[in-house]
Amino acid sequence: MAWVETGTGGYQVAFDEEGRVVCRNAAGRLLKAVPPKLNDDPVVVGLKQLTEWLEAHRRGCLETVERWMVRSLPVPAAVVTAVWADEAWQEVLRDLVVTGPDGAVAGFLRGADAERGLGLVDLDGDTVRLTGGELRIPHPVLLEDLDELREFAVELGVSQQVQQLYREVWHRPGTTAGTEVSTYAGGHYGQLRDLLGRCARLGYRVRGGHAVLPVVEDGLALEARVWVGDYYEYDECETGALSWTGPDGKVLPLAEVGPVAWSEGMRMAAALYAGRAIEGEEAA
């Protein structure tokens, strides 16, 4: 840790290994907490603001890479190389399964260098280089050998910041009819505000009585929707059916819903259903 002198009583502050602000007194003894009288010290305020910025930056990196994955967006290799020196970006990108432009699995991302390209561990355990102009971070529902990749990840000791290999996936049945899926409908909540609160915690927006999730499938902007209700916030309610709409806002036939949109929509519906009030749990 690099200690920085404050303007009060010889105290010094620094970041610990977990990114928290710690303090020691003039005698060099580490204190359990930063003394309240230092809360307004410019050095302490600056370190706390930096901590908040770093956390926000890390969340932004995580959200960006997850968006690349969910939307199956091509990512220029030069972008990955440019941000690799940033520890926050590196933590998020490291060990993700990536493919080349042709969609064939290339391996687990382990490094990036402007001259040598992207360093990967391929499925044979060998270190290889990906030198193409772009790569993709595929959604797990698109990975044909997902179970094998999960097993290999365990052998390598892979730990992904972005949920890719261990993200829950749902595959659309071979034959589908209609425009709604009711698998996770009927999840009872004692009050609508509880269901709305769960939507907010999980990051799902609510509009017009629906929890909505934008998804891009093959370049088309789709939206998964689960009915949550537009009643008084203290009224009882239930999760409704899941449906998808196209770019024009019209409900899509289930047969036209792509694999990523289907999986992400079912993931949202399942997550909202999981928070339901289960009969008898209060008594238990």
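How each quantity is defined
- Residues numbered from 1 in each chain as written.
- Predicted model: local features only at pLDDT ≥ 70, side-chain atom pairs only at ≥ 80, totals over all residues.
- Heavy atoms only, no water.
- Helix = DSSP H or I, 4+ residues; strand = E, 2+ residues; numbered from the N terminus.
- Rg over C-alpha atoms; globule rule 2.2 N^0.38 Å.
- Buried < 20%, exposed > 50% of the residue type's maximum accessible area, 1.4 Å probe, protein only.
- Contact = heavy atoms within 4.5 Å.
- Areas by Shrake-Rupley, 256 points an atom, 1.4 Å probe, with all protein chains shown as cover.
- Patch = residues over 30% accessible without salt bridge, like charges linked within 9 Å, V, L, I, M, F, W, Y side chains within 5 Å.
- Salt bridge = Lys/Arg side-chain N within 4 Å of Asp/Glu carboxyl O.
- Lys, Arg positive; Asp, Glu negative; His and termini not counted.
- Charge placed at Lys NZ, Arg CZ, Asp CG, Glu CD.
- Axes fitted to C-alpha atoms, helices over the stretch in contact; angles between N-to-C directions.
- Parallel < 35°, antiparallel > 145°, perpendicular 65-115°, else oblique.
- Left-handed = near helix turned anticlockwise from the far one by under 90°.
- Nonpolar A, V, L, I, M, F, W, Y, C, P; charged D, E, K, R; others polar.
- Pairing = 2+ DSSP bridges.
- pLDDT = per-residue confidence, 0-100.

**Some remarks on the overall build of the protein chain**
Phase 1 of the analysis: The helix and strand inventory of the protein chain stands at six helices and 15 strands.
Phase 2 of the analysis: Rg of the C-alpha trace for the protein chain: 24 Å, well past the compact-globule value of 19 Å for 284 residues, more than 25% over.
Phase 3 of the analysis: If you line up the protein chain on its principal axes, its C-alpha atoms span 75 × 55 × 40 Å.
Phase 4 of the analysis: Out of the 284 residues belonging to the protein chain, those deemed buried represent 41%.
Phase 5 of the analysis: Long-range contacts, defined here as pairs at least 24 residues apart, represent 58% of the contacts in the protein chain between residues at least 6 apart.
Phase 6 of the analysis: Counting only carbon and sulfur atoms, one obtains 49% of the accessible surface of the protein chain, whose full area is about 15,600 Å².

**Brief notes about a negative patch on the surface**
Phase 1 of the analysis: Judged by side-chain charge, Glu 144, Asp 145, Glu 148, Glu 151 and Glu 155 come together as a negatively charged surface patch.
Phase 2 of the analysis: Structurally, the position occupied by Glu 148 is in helix H4 (residues 146–156).

**So, a nonpolar patch on the surface**
Phase 1 of the analysis: Nonpolar side chains collect at one region of the surface, where Leu 50, Trp 53 and Leu 54 lie side by side and expose about 300 Å² of accessible area between them.
Phase 2 of the analysis: By secondary structure assignment, the location of Leu 54 is in helix H1 (residues 42–70).

**Details of the packing of helix H5 (residues 192–202) against helix H6 (residues 259–274)**
Phase 1 of the analysis: Where H5 meets H6, the axes come as close as 10 Å, and the angle between the chain directions of the two elements is 130 degrees. Classified by the angle their axes make, H5 and H6 are oblique. The chirality of how H5 crosses H6 is right-handed. Here H5 contributes Leu 195, Arg 198, Cys 199 and Leu 202 to the contact with H6, which in turn contributes Ala 271, Leu 272 and Ala 274.
Phase 2 of the analysis: Split by residue class, the contact of H5 with H6 holds six nonpolar, no polar and one charged.

**Some points on the environment of Asp 230**
Phase 1 of the analysis: When you line up the elements, Asp 230 lands in the loop between strand E13 (220–227) and strand E14 (237–238).
Phase 2 of the analysis: In the structure, Asp 230 is positioned 20 residues away from His 210 in sequence and 8.3 Å away in space, judged by C-alpha atoms.
Phase 3 of the analysis: Aside from chain neighbours lying at most four places away, what touches Asp 230 is Leu 192 and Gly 209.

**A closer look at the side chain of Thr 245**
Phase 1 of the analysis: When you line up the elements, Thr 245 lands in strand E15 (residues 242–245).
Phase 2 of the analysis: Residue classification places Thr 245 among the buried positions, given a relative accessible area of 3%.
Phase 3 of the analysis: Those residues within four positions of Thr 245 in sequence are excluded, and the remaining contacts are Leu 222, Glu 223, Arg 225, Lys 250, Val 251 and Leu 252.

**Quick look at the pairing of strand E8 (residues 127–130)**
Phase 1 of the analysis: Across four bridges, strand E7 (residues 117–121) lies against E8 in antiparallel orientation. The residue bridging Leu 118 from the neighbouring strand is Leu 130, located in E8.
Phase 2 of the analysis: Between the end of E7 and the start of E8, which pair antiparallel, lie five residues, with Gly 125 showing a positive phi angle near 85 degrees.

**Focus: the confidence of the model for the protein chain**
Phase 1 of the analysis: Looking at the protein chain, the pLDDT average stands at 89 and 98% of residues meet or exceed 70.
Phase 2 of the analysis: Mean pLDDT values over the elements of the protein chain span from 84, in E8, up to 97, in E15.

**Section: the sheet that holds strand E3 (residues 21–24)**
Phase 1 of the analysis: Spatially, three strands are ordered E1-E2-E3 in an open sheet, and the strand pairing comes out antiparallel. If you trace the sheet from one side to the other, it starts and ends with strand E1 (4–5) and E3, each paired once.
Phase 2 of the analysis: When strand E2 (residues 12–15) meets E3, the two strands line up antiparallel, connected through four bridges. Following the sheet pairing, Ala 14 is matched in E3 by Val 22.
Phase 3 of the analysis: Strands in contact with H1 are E1, E2 and E3; relative to E2, the strand with the most contacts, it is inclined by about 5 degrees.

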